[in-house]
Amino acid sequence: MTIFLQSLDYQLWHIIVNGPRMPTRTIDGVVSPKPENEYNDNDFRMLQLNSKAKHVLFVTYEGTNQVKESKISMLLHEYELFIMHDNESISDMFTHFTTIINSLKNLGKSYSN
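The name an unreviewed UniProt entry assigns to the protein is UBN2 domain-containing protein, from the organism Cephalotus follicularis.

Here we come to the overall build of the protein. Across its full length, the protein carries five helices and two strands. Starting at the N terminus and ending at the C terminus, the protein contains elements arranged as α-α-β-β-α-α-α. In summary, the protein has a C-alpha radius of gyration of 22 Å against a globular reference of 13 Å for 113 residues, an excess of more than 25%. Projected onto its principal axes, the C-alpha coordinates of the protein cover approximately 65 × 35 × 30 Å. The 113 residues of the protein split such that 20% are buried. Accessible surface, the protein as shown: approximately 8,800 Å² in total, 55% of it carbon and sulfur. Averaging the positions of the 10 positive and the 13 negative side-chain charges in the protein gives two centres separated by 8 Å.

On to the pairing of strand β1 (residues 24-27), then. The pairing of β1 with strand β2 (residues 30-33) spans four bridges and is antiparallel. Bridge pairing in β2 links threonine 26 to valine 31.

What follows concerns the nonpolar core. Within soluble globular proteins, side chains that are nonpolar tend to cluster in buried spots. Counting residues in each nonpolar core, the largest one holds seven residues, listed as Leu5, Leu12, Trp13, Ile15, Leu49, Ala53 and Val56. Those elements that provide at least two residues to this core are α2 (10-18) and α3 (41-62). Core analysis: the next-biggest nonpolar cluster, separate from the first, contains six residues, Ile72, Leu75, Leu76 and Ile100 among them.

A separate point is the packing of aromatic side chains. Per the counting criterion, the structure on display carries three aromatic pairs. The rings of Tyr79, Phe82 and Phe97 are connected pair by pair, giving a single aromatic cluster.

Rules used in this analysis
Every chain begins its residue count from 1, and numbering advances along the sequence as written. Since the coordinates come from a predicted model, pLDDT governs what is reported: local features require at least 70, and pairs of side-chain atoms require 80 or more to be given and counted, while whole-chain, interface and lining totals use all residues. Heavy atoms from the whole structure form the basis of all side-chain values; hydrogens and water molecules are not counted. To qualify as a helix, a DSSP run of H or I must reach at least 4 residues; to qualify as a strand, a run of E must reach at least 2; elements of each kind are numbered from the N terminus. Every radius of gyration here is taken over C-alpha atoms, with the globule rule written as 2.2 Å times N^0.38, N being the number of residues. Only protein chains enter the accessibility calculation, which uses a 1.4 Å probe. A residue is then buried if its area is under 20% of the maximum for its type, exposed if over 50%, and partly exposed in between. Residue exposure ignores everything except the shown protein chains as possible cover, and the areas themselves are Shrake-Rupley values with a 1.4 Å probe. Neither His nor the chain ends is counted toward charge; the positive residues are Lys and Arg and the negative residues Asp and Glu. One atom stands in for each charge, and that atom is NZ of Lys, CZ of Arg, CG of Asp or CD of Glu. Should DSSP find at least two bridges between two strands, the strands are taken to pair. Residues belong to one nonpolar core when they are buried, are Ala, Val, Leu, Ile, Met, Phe, Trp, Tyr or Cys, and are joined through side-chain atoms within 4.5 Å. Stacked, tilted and edge-to-face are the three classes assigned to paired rings of Phe, Tyr and Trp, where Trp is represented by its six-membered ring and a pair needs centres within 6.5 Å; plane angles under 30 degrees give stacked, over 60 edge-to-face, the rest tilted.

This is the structure we're talking about:
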């Protein structure tokens, strides 16, 4: 992943490692956010790289529709075969079940009561 991001734009990798950068200005030694009407081409490039970094991370960690469907399929399998294990407390069982349901809901798959 590092090499891929650095090959796209080395500054993109730098933003992912160190966090987004926002345009700032210094007045009398005080650094403050720069108003949008004062942005220059470099500021817009920096903001564009911030957005590009977010997009790359989103695609990587959320995945494509095929990955999403695969995750849903796996969670549905867990849901359908859900049982309470012998060494599991009721609280642990409920947490496990809630995690499955919430994960499905986050992927757009929900069940009514």
